Amino acid sequence: MNFQKGTDVMAGEEIILKEKKLKMSDQKELITRILSSFMFIPVIVLLYFASFKVLAVFSIVAFAAMAYEIFSPEIKGHKKLRSFMLAFCAFGIFCFMYCRDIYGVSGCIFLVCMASFTDIGAYCVGKALKGPKLCPKISPNKTWAGFWGGFFLSNVACSCLSSLFMQTSEQGTFLPRY
C-alpha cells in the first residue's frame, strides 16, 4: 500500500513536469509565430522601394521555393493535393501582384497585416479554448475556436488599421496608391 502511494506521487510529478514542458513549448510556438510575422518586413520594404519587375522576379523565386517545398522528395503521395496546393500558391502570388498594381504598397501592407493577425489570433484562441477539430485529416491541430479567433482578431485589426491605410473622399472610402 505504501508502495502504491509512492508511485502515485511520482506519476503526479511526471504529469506536472509534462504540463510545464507543454506550456513552455506553447510559449515558444507563439514567439516563433510572432517573429515569423516580422519576416514580412523585408518583403514590405521590397514592395515600397522596388519596381514591379523586381517584385515579379522576387515572386518567381518565392514560387520556386514553394514548389520545391511542396514537391520535396521527403513527401510521398498525394500528388493531386500537392498540385492543387501549388496552384493555390500561384493564385495567391498573382493576387498579391494584382493588389500591388491596383492598390499600391499600402494595399499589400494591409494584406500582410491581416494575414499575420489572422494567424496569431487563430493560434492564441485555438490553444486557449481548444474544442472540436476543424479538419483532423488535413490539419489535426486546427480547431473551430482557432478559426473564429483568427476571423475576429483580423476583423478587429482591420477596423483599427483601416484608419492608417484608408482615405475617404467624395467618391467613398478607398486604399490610396502609394
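Higher on the page you've got the structure.
Throughout what follows, the structure given in this document is the object of discussion. (Residues numbered from 1 in each chain as written. Predicted model: local features only at pLDDT ≥ 70, side-chain atom pairs only at ≥ 80, totals over all residues. Heavy atoms only, no water.)

### Focus on the nonpolar core
Here comes step 1: V105, I109, F110, M114, A157, L161 and F165 together form the largest nonpolar core, which totals seven residues.
Here comes step 2: For this core, the elements supplying multiple residues, two or more each, are α4 (79-129) and α5 (144-165).
Here comes step 3: With four residues, the single largest contributor to this core is α4. (Core = buried A, V, L, I, M, F, W, Y, C linked by side-chain atoms within 4.5 Å. Buried < 20%, exposed > 50% of the residue type's maximum accessible area, 1.4 Å probe, protein only. Helix = DSSP H or I, 4+ residues; strand = E, 2+ residues; numbered from the N terminus.)

### Structural notes on a nonpolar patch on the surface
Here comes step 1: On the surface, a cluster of nonpolar side chains totalling about 700 Å² of accessible area is made up of I31, I34, L35, F38, I41, V45 and F49.
Here comes step 2: Residue assignment for the nonpolar patch shows that the elements contributing at least two residues are α1 (2-38) and α2 (41-49).
Here comes step 3: The greatest single-element share of the nonpolar patch, amounting to four residues, is contributed by α1.
Here comes step 4: Mapped onto the elements of the fold, I34 is located in helix α1. (Patch = residues over 30% accessible without salt bridge, like charges linked within 9 Å, V, L, I, M, F, W, Y side chains within 5 Å. Areas by Shrake-Rupley, 256 points an atom, 1.4 Å probe, with all protein chains shown as cover. Salt bridge = Lys/Arg side-chain N within 4 Å of Asp/Glu carboxyl O.)

### Description of the layout of surface pockets
Here comes step 1: There is about 870 Å³ of room inside the largest pocket.
Here comes step 2: Lining the largest pocket are 21 residues, and of these F40, M66, C89, G92 and I93 lie nearest its centre.
Here comes step 3: Sorting the residues of the lining of the largest pocket by element identifies α2, α3 (52-70) and α4 as the ones contributing at least two each.
Here comes step 4: A total of ten residues in the lining of the largest pocket trace back to one element, the largest contributor, which is α4. (1 Å grid on protein atoms, 1.4 Å probe; cavity = no way out; pocket = protein on both sides within 12 Å on 5 of 7 lines; lining within 4 Å. Points joined across faces, edges and corners; volume = space filled by probe spheres on them.)

### Here we look at the side chain of S59
Here comes step 1: Here S59 lies in helix α3.
Here comes step 2: Setting aside anything within four residues of it in sequence, one finds S59 in contact with I93 and M97. (Contact = heavy atoms within 4.5 Å.)

### What to know about α5
Think of an α-helix as turning once every 3.6 residues; residues three or four places apart then point the same way.
Here comes step 1: With 22 residues, α5 extends 30 Å between its outermost C-alpha atoms, agreeing within 8% with the 32 Å of an ideal straight helix rising 1.5 Å per residue.
Here comes step 2: Along α5, the helix axis deviates most sharply at S159, where the bend reaches about 30 degrees.
Here comes step 3: Residues A145, G146, G149, G150, S154, A157, L161, S162 and F165 constitute the buried set of α5. (Expected span 1.5 Å × (residues − 1). Bend = angle between axes of the 7 residues up to and from the residue.)

### A closer look at the environment of D101
Here comes step 1: Along the chain, D101 turns up in helix α4.
Here comes step 2: Residue D101 is classed as partly exposed on the basis of its relative accessible area of 39%.
Here comes step 3: In sequence terms D101 and F52 are 49 residues apart; their C-alpha atoms lie 8.1 Å from each other.

### Details of the environment of I109
Here comes step 1: Along the chain, I109 turns up in helix α4.
Here comes step 2: We classify I109 as buried; its relative accessible area is 18%.
Here comes step 3: Sequence separation between I109 and V43 is 66 residues; the distance between their C-alpha atoms is 9.2 Å.

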